[in-house]
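A structural walkthrough
Residue-level listing of the chains:
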Amino acid sequence: MAEGVDGETDIPAEPGAVDAGRAGAAADEQALLAAFDRLSPQGSLQWGFDDAMRRIAHPETDVTAPAWPGLPDDLWERGRSARIGRRFVGDVAGVMAEVLAADARATAAAASAGVNLATWDALRYLAARVEALEAAQDAVPLEAAELSLSAPDLTGPADEVESLLGSPDRGSPVMVGECGDGALVHRLQESGWRVEGIEPRAASAWRGFDSDDDQGGLVIVIAEVLGHLRTVPPAARAGVVLAGCVDRVGLAAKIGLLEEASRVTRPGGAVVVLATDQSAWDRALDPPARDLAPGRPLHPETWLLLLRRSGLTDVVWRRPSSGVLHAVAGWVRT
Amino acid sequence: MGPNVNGAHLFVPMLHRNDAVGKHTLAVRDALVAAGVPSQIFTDRPDSQTVGETRPYLDYEKLSDPEDVLIYQLATDSEMAVWLSGRSERLVLNHHSITPPACFASWNNAIARLQTGALQRLEVLAPRAVLGVADSEFNAAELRSAGCRNTTVVPVAGISVPPVDPGPDLIERVRAGQGGPGPHWLSVGRWAPNKAHHDTLAALFVARATTEPHATLTLVGSATEPAYAGALRRYAAALGLGDAVEFVAGISDAELAARYRCADVLVMLSDHEGFGVPLVEAMGQGTPIVAFDAGAVGEVMDGGGVLLQEKHPRAVAGAVSQLLSDRPRRDRLVEAGRQRFDALGLDRAANRLVEALGHLGAPTGAPS
């Protein structure tokens, strides 16, 4: 059990780690407790790093030892809440140690010169990891709450949204993000839908709760839309309405929102993008907000293209009958 | 209430009906209103279960009065603290436990940062407060070291006194579900790293491998840190404890009381406790306790259970085994626990806080 965590390593423990009451425990007790530490996002990395260092130092003695299996997928998903740099170093060190240990064995056995190849492999891996980690960074560097961006008024296109969503479904909920004070959420609920509103501005959600006659009937989750979408299982929503965030964020995040919305929408369900008319956007924003927002609204024609490219079918564009929001919608293939 | 207080309003980042800070806040609000003092609860963020009882904190500006007292419940970080630090009304800092950031560092850096922020808020608000209220001497010492000049200790309000009676049917149902001869260990608290439930699992593993092959453990809590909660389940499975460990969440106060009554021992190995509500609940229900001496644990228990200075798996397993095999000693500790429960004066906690407000000096009219 817990080979290699018995205090032999010189690598210090996680700075600030809480180990109250553990000092002086016997080696097998330390191993028992360290087995749990390896289950933490940082702990598993620490163990992997220690394991890698040991393999480099003593490649001949670890031939039969199982390699570190790597972080479970769910822990990678938590990357933004852990220190990515630390993960990165540990992961790369683990790979390089594997390669170098294997090469050392191979060199000793066959006197071959494969070390250079192995190093290049490791560097290629490193470059790929940098790209993957950069792509995994939250593409919304400024949250809505940090900018003087008011929540969009979704009452204008409410009729359009209802007709695009089709017949009400009491099974899976429809998601509306960003929903502002929940006016559209309330409207869809009255029409018979189960609705989950997402809104990053707590003040807007408060207004919705305050005006909710049926206390507790209005469902608004206070969160950034992209982050929330990532927590939803596939095909778990009857439809998704995107507003506000689709204007504000950069192109990569716009595409991310669309991909996530398509992923969580069940087959046959609609993905509706409510895009602000560009001239209205420029008029409505104060200069700092306009300058600092990572993105600006796309033309509806561009959304048509993106929705088609994302695999949605029967893509349509409805111009605003009132207000400033264009509705562009497509349906997930059945 | 003294002549210098117009209203006493409570500020809490988020009001949860079922956590210790939430219950405390609601109990203090009720005690203030019963004493004829206008009191409302203001929050930074709404909770759907309590939104009808709270208002956004910025709303306070519309009804502020120079003779108001603002009581801030400090347990985690909030922008509300920055706003409070600039207010001219008298500030009372009600200090609950701030979990050390290091407890969360390897599990959730976002929460670790949040707790770091809370410690910084404590440094800013403590010198500014006209009164610091702590639920333990341990927390009061933190207040003083942060610069609070005037402190008092009032236990957490909102704990049921007398203890909840689960009734015979519920006790029988819980007992029937326990299975096996036991002993049955109980651990109560959020499934978060600072609660160190993993140490309890390790101790159970040793106990079953040595003296108590049929020992079981029930973990009552909620998955406030999902990565940690998931790791607990994987750890239990990896140690072959899958059938011996039960995770229980979302139960009523009555069922929790039944769990205490049916347990042979409460094992609490937290790395940090500012008060330790489960200790008090266990003492009230007559459940023997084995606890690690961290934070306020020794002070709150005060002889009402076994206090460990180390929590190696063997040490914990041995302490539990010794306690359960020595009936007279166990009975003595249970009786001492009951006396300690009474001595804490939990039924008067909210009123004691209200009385303390009555001794505040007149408002100065400007932030100090």
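Residues numbered from 1 in each chain as written. Chains lettered and ligands numbered in written order. Predicted model: local features only at pLDDT ≥ 70, side-chain atom pairs only at ≥ 80, totals over all residues.

Quick look at the overall build of chain B now. In terms of regular secondary structure, chain B is built from 15 helices and 13 strands. Once local pairs closer than 6 in sequence are excluded, the contacts in chain B between residues at least 24 apart make up 70%. (Helix = DSSP H or I, 4+ residues; strand = E, 2+ residues; numbered from the N terminus. Contact = placed C-beta atoms within 7 Å.)

Here the focus is unusual backbone geometry. With an omega of -5 degrees, the peptide bond running from Val161(B) to Pro162(B) counts as cis. The topology assignment puts Pro162(B) in the loop between strand 7 (151-153) and helix 7 (168-178). Omega for the bond connecting Gly182(B) with Pro183(B) falls within 30 degrees of zero, at 5 degrees, which places this linkage in the cis form. Tracing the sequence through the fold places Pro183(B) in the loop between helix 7 and strand 8 (184-188). Positive phi is not limited to glycine here, since Asp314(A) has a value of about 50 degrees.

A separate point is the sheet that holds strand 4 (residues 237-243) of chain A. All names here are of chain A. Taken together, the seven strands give an open sheet; going across it, the order is 3-2-1-4-5-7-6, and neighbouring strands pair in mixed fashion. The sheet is open, and its two edges are formed by strand 3 (220-221) and strand 6 (313-318), each paired on a single side. As paired strands, strand 6 and strand 7 (residues 325-331) are joined by four bridges and run antiparallel to one another. Note on strand 7: the bridge partner recorded for Val316 is Ala329. (Pairing = 2+ DSSP bridges.)

All names here are of chain A. Counting buried residues along strand 5 (residues 265-276), nine of its 12 residues qualify, which places the element largely inside the surrounding structure. Pairing between strand 4 and strand 5: six bridges, direction parallel. Counterpart to Ala243 in the pairing with strand 5 is Leu274. Note that strand 5 and strand 7 share seven bridges and pair antiparallel. Within strand 7, the position partnered with Ala270 by the bridge is Trp331. (Buried ≥ 20, exposed ≤ 12 C-beta atoms within 10 Å, placed from the backbone.)

Without other data, these values stay purely geometric and don't point to any function.
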